[in-house]
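Commentary on secondary and tertiary structure
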Amino acid sequence: MKDVRVRFAPSPTGALHIGGVRTALYNYLLARKHQGKMILRIEDTDQNRYVPGAEVYIKDALKWVGIEIDEGPDKGGPHAPYRQSERKNIYTKYAQQLLNDGHAYYAFDSAEELEAMRNRLMKTGVNPQYDSATRIEMKNSLTLSEDEVNNKIRAGAPYVIRLKVPKSEQVELNDLIRGKISVNTSQIDDKVLMKSDGMPTYHLANVVDDYLMKISHVIRGEEWLPSAPLHVLTYKFLGWENEMPAFAHLPLLLKPDGKGKLSKRDADQMGFPIFPLNWTDPHTGELAEGFRERGYLPEALINFLAFLGWNPGTEQELFTVEELIEAFEIERIGKAGAKFDIQKANWFNQQYLRSKTDEELGQLLITDLKSQGIDCENEKAYAIANALRERITFPSDIASLGKIFFFAPKSFDEKIASKKWNNESIAVITALKDEINKTNELTVDTATTALVDVTNRLGIAQGKIMQALRMALTGGASGPDLMVTMALLGASEVTSRLTYALNTLEEKAS
RNA sequence: GGUCCGUUCGUCUAGGGGUUAGGACACCAGAUUUUCAUUCUGGCAACACGGGUUCGAUUCCCGUACGGACUACCA
């Protein structure tokens, strides 16, 4: 394979959508697999849609998920600048070339005139396009005399430059994911290449830049598929047919239920993030919570995203980035859109979170507790993390599940209280409390021994009172191993909690 | 409407002319855990439909249906 050079080319019009992250990821995986280069190109040719902060956001988001950029606006590189607004004169040059070669023309039609043309065509049942049939009725350098055109331009009349698409020719391209795609030029209209503000449109800019930046593979979303033949045509007209990159159009990320592409609205409705990081809309001031802030680990998100539309063909599910790079192949990307299933993302997160050490998990707990004004020694935090590690999906679960070690219960699970708080459990807990009160060193072993002794003495099966004991100790119906919980709490705390439970719950029972 | 693209369990998907159509998530059940969770075992559950081609089609071809994308001086 020739030198692999891929690009991720977002438009700084807002936060980076999770689908964009996946597109960037696939580009990145291919680049790394072939020791190629990953290029970040900012497509900011629409000045009206520019959103301050968006570019920085995109870079921060890529950095967070671990996608490294080899060439880009900050990094620089042999084909700088990497911001399209800074490459304006380059596009003008190639537009001029197309004009000279008769592959493009000036058009002076106003928005109203275009609108009128479309309405007229619509009424007659013809597909409304600015094409070989309609352009002869419009105001452009094909219908106007050379003098008229020159006069208009000299007078400063606004104009655009359009591609002169042939009347009827088959354009073919071989998509790496979908195979051969063939379209007749009669279905393509004379797309605007240069806008009246002097900026290029995407169609010109992406072709010119991909060529100049020696891009080997264009990996982008399926929404570009319909205009891909137009781009192929542009490469041909520019004389770059032989250097044309390979195309791979990715299937879309779909909403979890129903149909259609995943939108922020869906995500909001179903209660999951759609942006990698927190994003505050500069216009509305509205904050959208990111995957990072929700507690998703970048490696989990990457693993999850990689599998949305691609799979290695083996039964392995958990992949490090290095493994993904090794296994990745464009040919194994699926064709159909993939519904976004947040439950699967949660599962990946759980897997990655669990694989962390007690120390890492414990530090997470310490940080969380500190923000609530609670101090916790390292050793205790590590022990709590160890007890909780099998039950957490998000880092914040450690603190929320671990709070039982720092706060005595004030209320008790009602279901357990009504079902399990009876003479037997009261008897056992009373006796256990007295037993533990006598010891000063409470460990898993001594706690177990105490419980066994008490239940044996009273002739009550332990299983019958475990839930009552847990409720008395923590207020809840579930939690980490009870003996571990008691050991972590210590003798005096256990005694006082059991006493409190016995006092408050007794009244309720009678 | 037109053009293009797509369609295997609820979801992500493997597979491929002859398979008990495999895995994962979710869900359900049992076991273990003296409790809940974990873990383990098992279960539920899919080739959109109709025509071909073929000895044989879920797999190849053609239609149909359904779905999606695109159809801007936005990307």
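Because the structure is a prediction, the values reported are computed rather than measured.

Within chain A, the regular secondary structure consists of 20 helices and 13 strands. The globule rule puts the C-alpha radius of gyration for 510 residues at 24 Å, and the 32 Å found for chain A is more than 25% above it. Looking at chain A residue by residue over its 510 residues, the buried ones come to 39%. In chain A, the share of contacts with a sequence separation of at least 24, taken over all contacts with a separation of at least 6, comes to 74%.

Time to look at the protein's contact with RNA strand B. Near RNA strand B you find 59 residues, and of these Ser 11, Glu 43, Lys 259, Gln 462 and Gly 463 are the closest. Among the secondary structure elements, those contributing two or more residues to the surface near RNA strand B are α4 (111-123), β6 (179-184), β13 (338-339), α11 (342-354), α17 (444-458) and α18 (462-474). Split into classes, the residues belonging to the surface near RNA strand B amount to 19 nonpolar, 21 polar and 19 charged.

Of the two faces of strand β3 (residues 104-107), the one holding Ala 104 and Tyr 106 and the one holding Tyr 105 and Ala 107 are both buried throughout. Where β3 meets strand β4 (residues 160-163), four bridges bridge the pair, whose relative direction is antiparallel. Bridging from a neighbouring strand, Tyr 106 pairs with Ile 161 of β4.

Our next topic: the nonpolar core. With 134 residues, the main nonpolar core has Leu 25, Ala 95, Leu 301, Leu 365 and Ile 398 as its most contacted residues. The element best represented in this core is helix α1 (residues 18-33), accounting for nine residues. Two domains each donate at least three residues to this core, and these are domain 1 (89-194) and domain 2 (359-509). Leu 25 has contacts with Ile 67, Ile 302, Leu 305 and Ala 306, leaving out every residue within four places of it along the chain.

Each assigned domain of chain A is listed here: domain 1 (89-194) and domain 2 (359-509). Just the C-alpha atoms count here: the centres of domain 1 and domain 2 sit 75 Å apart.

Cut-off values and rules
Residues numbered from 1 in each chain as written. Chains lettered and ligands numbered in written order. Predicted model: local features only at pLDDT ≥ 70, side-chain atom pairs only at ≥ 80, totals over all residues. Helix = DSSP H or I, 4+ residues; strand = E, 2+ residues; numbered from the N terminus. Rg over C-alpha atoms; globule rule 2.2 N^0.38 Å. Buried ≥ 20, exposed ≤ 12 C-beta atoms within 10 Å, placed from the backbone. Contact = placed C-beta atoms within 7 Å. Near = placed C-beta within 6 Å. Nonpolar A, V, L, I, M, F, W, Y, C, P; charged D, E, K, R; others polar. Pairing = 2+ DSSP bridges. Core = buried A, V, L, I, M, F, W, Y, C linked by C-beta atoms within 7 Å. Domains from an automatic or database assignment.

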